[in-house]
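Take a look at the letters that make up each chain.
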Amino acid sequence: MKYRTIGADPRHRREVSVLALGAMLFGSLTDERTSYAVLDRYVEAGGTFIDTSDNYAFWVDGGQGGHSEELLGRWRRSRGIGDEVVIATKLGARPLAPGTSYTDNPEGLSAKVIREAAERSRERLGVERLDLLYAHIDDPTIPQQETVEGFAALVEEGTVGLLGVSNQAIWRVERARALAAAAGLPGYEVLQYQHSHLRPRGDVPSDLFPDGSLGHAGAELLGYLRAEPDLTLVAYSPLLGGAYAREDKPLPSDYDHPGTPARLAVLREVARETGATVGQVVLAWQLGAELPVVPLAGASSVAQLEENLRAVELELTADQRARLDAAH
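Everything numeric here is computed off the predicted structure, so don't read it as measured data. (Residues numbered from 1 in each chain as written. Predicted model: local features only at pLDDT ≥ 70, side-chain atom pairs only at ≥ 80, totals over all residues. Heavy atoms only, no water.)

A. Examining the overall build of the protein more closely. Of the regular secondary structure elements, the protein holds 11 helices and 10 strands. Looking at the protein as a whole, 52% of its 328 residues are labelled buried. Residue pairs at least 24 apart in sequence account for 75% of intrachain contacts in the protein once pairs closer than 6 positions are excluded. In the protein, which carries 33 positive and 47 negative side-chain charges, the distance between the mean positions of the two groups comes to 2 Å. (Helix = DSSP H or I, 4+ residues; strand = E, 2+ residues; numbered from the N terminus. Buried < 20%, exposed > 50% of the residue type's maximum accessible area, 1.4 Å probe, protein only. Contact = heavy atoms within 4.5 Å. Lys, Arg positive; Asp, Glu negative; His and termini not counted. Charge placed at Lys NZ, Arg CZ, Asp CG, Glu CD.)

Set out below in structure tokens:
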């Protein structure tokens, strides 16, 4: 395994494995035995960065989530896991009632919710401090000053380490960080957005994003990372939920555009040259990127995890990387 540092503040920054493990479906669609086996192998391989959320996976049973955090808490206790493993979680998108969703009934980002939701996550995970806490989705109904101060209060109290943000417009991220800086408060240091080698259309509306997706790492976000070198991008769904590997799982519809075939062709070409899978090439491309990117990949079996782990040692040549970067 290889490692990198996330966060700039020496009081809170952490060294984490360059490949993060997504625990979204642990305890729900992925049963406990399989989840434990994947987690055990990940840690055995040197993995130290696990990602979850307080709303995972509410859509499986129509509840409010908590399955993943609860399983991770049981696993930590059964294995004697301490702060050597960094567990990141999120709040703001938990449905307030069973049968609802984050699009119509989210918990939001008020100071009250931030405090109460963080406390519940700490209890489920069985930790005194949340290593990394994200604002999962935006909450335009709450003044950003309140949200910024709500997160910062938990950092100053010692119950949260690093702060992160996901699925928000970059101008909103910058505004929140500017408010924090002006007040001398800790702000967002980790950005979690969907990012892969294939690029989706950004103009496809959804219930959460009526003007087009704000959840993908597009040109504006990547430019922001270049301008702010202390920030880290955690790239979720880098393997597009298995669509690179499984013929029975087509690419999402927002990848159906003229740029996709050219990028797929280069991926497959580099995979043939290296003897790796397309997914391993995608992960290696991110791992060796000029910008600070931590791929966040889930696994529903140890075999899937093993394939992802091998990408850490895959070294792309300068020519291969240039072709991957230039494809369009």
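B. Looking closely at the sheet that holds strand β6 (residues 130-135). Taken together, eight strands build a closed barrel; the order of strands is β3-β4-β5-β6-β7-β8-β9-β10 and the barrel is parallel. Averaged over all neighbouring strand pairs, the angle between strand axes comes to 30°, with direction disregarded. Note: strand β7 (residues 160-166) against strand β8 (residues 190-194), three bridges, orientation parallel. By the bridge assignment, Ser-166 is partnered in β8 with Gln-192. Docked against the sheet, helix α1 (residues 32-44) engages β3 (20-22) and β4 (49-51), running at close to 175° with respect to β3. Contacts between helix α4 (residues 111-125) and the sheet are confined to β5 (86-91) and β6, with β5 contributing the most and set at about 140° to the helix. (Pairing = 2+ DSSP bridges. Axes fitted to C-alpha atoms, helices over the stretch in contact; angles between N-to-C directions.)

C. Structural context of empty space enclosed by the protein. If you walk through the whole model with that rule in mind, you get two cavities of 30 Å³ or more. There is about 60 Å³ of room inside the largest cavity. Contributing to the lining of the largest cavity are Leu-109, Asp-138, Asp-139, Ile-142, Gln-144, Thr-147, Val-148, Gln-168, Arg-172, Ala-176 and Tyr-188. Of all the secondary-structure elements, those providing two or more residues to the lining of the largest cavity are α5 (144-157) and α6 (170-182). (1 Å grid on protein atoms, 1.4 Å probe; cavity = no way out; pocket = protein on both sides within 12 Å on 5 of 7 lines; lining within 4 Å. Points joined across faces, edges and corners; volume = space filled by probe spheres on them.)

D. Looking closely at the nonpolar core. In this structure, Phe-49, Ile-50 and Phe-151 are the most contacted members of the largest nonpolar core, which totals 92 residues. Looking at which element gives the most residues to this core, the answer is helix α9 (residues 278-287), with six residues. Setting aside its immediate chain neighbours within four residues, Ile-50 contacts Leu-21, Ala-23, Leu-39, Tyr-42, Leu-72, Trp-75, Val-85, Val-86, Ile-87 and Ala-88. (Core = buried A, V, L, I, M, F, W, Y, C linked by side-chain atoms within 4.5 Å.)

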